[in-house]
Amino acid sequence: MMLTGIVAACLAAVCLYLASPHQSLWSAAQTQLRRRLLRASATVAAVASVWLASLECGVACAFFIVLSAFMLALVALPYMDAWRKVSHAR
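Residues numbered from 1 in each chain as written. Predicted model: local features only at pLDDT ≥ 70, side-chain atom pairs only at ≥ 80, totals over all residues. Heavy atoms only, no water.

Draft legend 1. How the structure looks around the overall build of the chain. Along its length, the chain carries 3 helices and 0 strands. The linear arrangement of helices and strands in the chain, starting from the amino end, is α-α-α. Taken over the C-alpha atoms alone, the chain extends approximately 45 × 30 × 15 Å along its principal axes. Of the contacts formed within the chain by residues at least 6 apart in sequence, a portion of 65% connects residues at least 24 apart. Only carbon and sulfur atoms are counted for the fraction: they give 75% of the accessible area of the chain, which is about 5,900 Å². (Helix = DSSP H or I, 4+ residues; strand = E, 2+ residues; numbered from the N terminus. Contact = heavy atoms within 4.5 Å. Areas by Shrake-Rupley, 256 points an atom, 1.4 Å probe, with all protein chains shown as cover.)

Below is the structure:
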């Protein structure tokens, strides 16, 4: 269950990143309705990730494990976006 919690945290980070107005990974996410839906999905995925991870260990431990995975994904996504832009520029 811990791995599914970590995957859900990464999914929450992706949804939150795609809801950002400055992202360019997915151009279809630029409408207001899709951004709201992505933010709601990020919230649900974040809560579900803590719940799934807490089934295996305590809530405090699960919270910090999931938070670490969430922050790692949020740091990696802008780099992936920049790498994609450089790859298509050539």
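The rest of the description comes next.
Draft legend 2. How the structure looks around the environment of D81. Positionally, D81 belongs in helix α3 (residues 59-89). A relative accessible area of 5% places D81 in the buried class. Once the C-alpha coordinates of D81 and S24 are considered, the two residues, 57 residues apart in sequence, prove to be 6.9 Å apart. Ignoring sequence-local partners within four residues, the contact set of D81 consists of Y17, Q23, S24 and L25. (Buried < 20%, exposed > 50% of the residue type's maximum accessible area, 1.4 Å probe, protein only.)

Draft legend 3. Broad picture of the pattern of salt bridges. Tallied over the entire structure, the rule returns 1 salt bridge. Note that R84 and D81 form a salt bridge whose closest N and O atoms lie 3.9 Å from each other. Of this pair, R84 and D81 are both found in helix α3, 3 residues apart, which corresponds to roughly one turn of the helix. (Salt bridge = Lys/Arg side-chain N within 4 Å of Asp/Glu carboxyl O.)

Draft legend 4. Representation of helix α2 (residues 32-54) within the structure. Counted at 1.5 Å a residue, the expected span for α2 with its 23 residues is 33 Å, and the 33 Å between its end C-alpha atoms agrees. Taken together, the buried positions of α2 are occupied by R35, L38, A42, A45, S49, L52, A53 and S54. (Expected span 1.5 Å × (residues − 1).)

Draft legend 5. Up close: the confidence of the model for the chain. Averaged over every residue, the pLDDT of the chain is 89; residues scoring 70 or more account for 93%. Within the chain, no element has a lower average pLDDT than α3, which sits at 89, and none a higher one than helix α1 (residues 2-18), at 94. (pLDDT = per-residue confidence, 0-100.)

Draft legend 6. Structural view of α1. The end-to-end C-alpha distance of α1, which contains 17 residues, comes to 24 Å, matching closely the 24 Å that a straight helix rising 1.5 Å per residue would cover. M2, G5, A8, A9, A12, A13, C15, Y17 and L18 are the residues of α1 that are buried.

Draft legend 7. Representation of the packing of aromatic side chains within the structure. Going through the model one piece at a time under the given rule, you end up with 1 aromatic pair. Geometrically, the ring pair formed by F63 and F64 is edge-to-face, given 5.3 Å between the ring centres and 80 degrees between the ring planes. For F63, a relative accessible area of 40% puts it in the partly exposed group. Taking relative accessible area as the criterion, F64 reaches 53% and is therefore assigned exposed. (Phe/Tyr/Trp six-rings, centres within 6.5 Å; stacked < 30°, edge-to-face > 60°.)

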